[in-house]
Amino acid sequence: MKKIYSGQFIKKISITLILFSSLSCATSQKLETVESSYNSAADIDLFLSTNDKKTEDQVLERLKLNNVNSSQIKKILQTTLPKTSQNSTGLQPNLKFKMEGKTYTYALYVPKTFSNDMPMIVIMHGMGGSGANTIQAWIKRLDDKFIILCPTYPMGAWWSKNAESLVIKLINEARNKYDVDPDKIFLSGLSNGAIGAYILGMFYPDRFAGIIPIAGGITKRLMSFLINLNNTPTYIIQGEFDPMFPIELTRRTYKILSDFKSPVIYQEHKERGAAHGGHFLPESKVPALVEWLTRQKRNPSPKVVRITREENHMKRVFWARISKGLKLAALQIPGPEMEPLNIHDGKIATLFAIDKGNNRFVVRGKNVIEFEMFFSSNQIDFEKPVVVTFQSIQDQNDKLVPGEKFVVFNKKIKKDSSVLFKGFKEVRDRSLLFDAKIKVLAQKNVQFASAP
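Every value quoted in this text rests on a predicted model; they were computed, and no experiment measured them.

Below, the discussion takes up the packing of aromatic side chains. Given two aromatic rings, their pairing is described by the distance between the two centres and the angle made by the two planes. Applying the stated criterion across every chain yields a total of 14 aromatic pairs. Relative to W158, the ring of Y153 lies with its centre 5.9 Å away and its plane at 45°, an arrangement referred to as tilted. The ring of F47 has K425 lying over it, and the distance from NZ or CZ to the ring centre is 5.1 Å.

Okay, the environment of L331 next. Along the chain, L331 falls in the loop between β10 (320-325) and β11 (349-357). Taking the C-alpha atoms as reference, L331 lies 9.9 Å from R309; in sequence the two are 22 residues apart. Contacts of L331, omitting those with residues within four sequence positions, involve R221, F225, E310, N312 and N342.

Ordered in space as β1-β2-β4-β3-β5-β6-β7-β8, the 8 strands form an open sheet in which the pairing is mixed. What marks the edges here is a single partner per strand, and that holds for β1 (90-99) and β8 (264-269). Sheet twist, expressed as the mean angle between neighbouring strand axes with direction ignored, is 20°. Here strand β6 (residues 210-214) runs beside strand β7 (residues 234-239); their pairing, made up of 2 bridges, is parallel. When the sheet's bridge partners are listed, I214 is paired in β7 with I237. Across the face of the sheet, helix α7 (residues 192-203) comes into contact with β3 (118-124), β5 (180-190), β6 and β7 while running at roughly 140° to β5.

Below, the discussion takes up the environment of S88. Topologically, S88 is positioned in the loop between α4 (70-79) and β1. Judged by relative accessible area, S88 falls into the partly exposed class, the value being 45%. Between the C-alpha atoms of S88 and Y109, which are 21 residues apart in sequence, the distance is 9.4 Å. Leave out the neighbours within four places in its chain, and S88 touches V110 and Y178.

A word on helix α8 (residues 247-259). In an α-helix, one turn spans 3.6 residues, which is why side chains three or four residues apart end up on the same side. Helix length check: α8, at 13 residues, gives a terminal C-alpha distance of 18 Å against a target of 18 Å (1.5 Å per residue), a fit within 8%. Within the sequence span of α8, burial applies to I247, T250, T253, I256 and L257. Packed against the buried residues of α8 are α7, β7 and β8.

What follows covers the packing of helix α2 (residues 40-49) against helix α3 (residues 53-65). Relative to each other, α2 and α3 sit at 155°, their axes nearing to 9 Å. The pairing of α2 with α3 is recorded here as roughly antiparallel in orientation. Crossing hand, α2 versus α3: left-handed. Across the interface between the two elements, S40, D43, I44, L46 and F47 from α2 touch T55, E56, V59, L60, R62 and L63 from α3. When grouped by side-chain class, the residues that make up the contact of α2 with α3 number 6 nonpolar, 2 polar and 3 charged.

What follows covers the sheet that holds β10. The antiparallel open sheet is built from 3 strands, whose spatial order is β10-β13-β16. In this open sheet, the two edge strands, each paired with only one partner strand, are β10 and β16 (436-441). Direction aside, the axes of adjacent strands within the sheet are offset by 20° on average. With 5 bridges connecting them, β10 and strand β13 (residues 368-375) associate as antiparallel partners. Counterpart to A320 in the pairing with β13 is M373.

Cut-offs and rules
- Residues numbered from 1 in each chain as written.
- Predicted model: local features only at pLDDT ≥ 70, side-chain atom pairs only at ≥ 80, totals over all residues.
- Heavy atoms only, no water.
- Phe/Tyr/Trp six-rings, centres within 6.5 Å; stacked < 30°, edge-to-face > 60°.
- Lys NZ or Arg CZ within 6 Å of the ring centre and 35° of its normal.
- Helix = DSSP H or I, 4+ residues; strand = E, 2+ residues; numbered from the N terminus.
- Contact = heavy atoms within 4.5 Å.
- Pairing = 2+ DSSP bridges.
- Axes fitted to C-alpha atoms, helices over the stretch in contact; angles between N-to-C directions.
- Buried < 20%, exposed > 50% of the residue type's maximum accessible area, 1.4 Å probe, protein only.
- Expected span 1.5 Å × (residues − 1).
- Parallel < 35°, antiparallel > 145°, perpendicular 65-115°, else oblique.
- Left-handed = near helix turned anticlockwise from the far one by under 90°.
- Nonpolar A, V, L, I, M, F, W, Y, C, P; charged D, E, K, R; others polar.

In structure tokens:
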């Protein structure tokens, strides 16, 4: 009886195992079917189109569960770029754009001979001007080599926060519709527009392949931020006899940029116009300018990043960011429209970040409490620790004196899809795709890697 029972028991176990094995195969096939039907491109599109953080987190979780890696994500992100053939070409002089409940106008010119990865230039008018009036002369000057975007803002007050937001949003709007080369976007302006070119260029230097201020300048207080243009070529044009903007300020600007060894060209002319003396752009200066424009291309990954920040402008510049500063000032010049104001005295924070290669970085800072660094697979080896040293810079008897140098970070970094997505979502820039970021305190609290 014992043997018979054992045999029957073994037979039942065998049947059970066979059934379990069949069910497992069926379940596995079902899971494979579910996984293979997962549409990662649709989920990524959902992430880019939503403003809901919960939805963003759900997309990130699904991508993780389906093992969609950063390389695959980057390829999909490339497909989200616009197809220019589906949008209008030629002159569009009176386009509308709504922002904060107000409607603004802008002019846009897209050459009918448009090709993918075409350069774009944004040109801001002076007081009393408009985008529609400004764009006509530039269409002739640029000879169908550029997309031209000319916004209109009251009184040409391009220094205001509202105007700043308008320009950045219009650039993003144009890039959502047209396949613009992200490494060939330029910013220019005449008179008040030149002030805007300086200010937006200094506070968003990694967005532009070059800035072209014409017949305009900035005050000495704003010159503290010229260091941000260390990797952004600048082409300055101003008349010696300009009655609106003192030529001495522009000469000083040129000297500062030259002393910083920033890529700068200065064209000073002696011509006088009929209406405003030397306050205009002579056509004789245009051919050299256009030739310069055609030669420029942004370097999205410079080895050295220099940043000067105040409280109203704390965004990333290339691959580095000042996230917290010591008692920072808030500088803001009000415009003609009602806008929230944040103005108070304080300090200015400065950061020098140097990529030494082989996962090693040297950072120097003044009035910096915390900073962030962004990394891509092209920049570092994620299989090895990243080592960051920090050195403070202090004022002593009107001289900058370096302090003690110490290690503030030393460990491996994991790739983070949320960094990749959020960075792309903000600027839609395929040349600035970061796989990870670190946040570092500028003090002796080094994070060491665990021993292998």
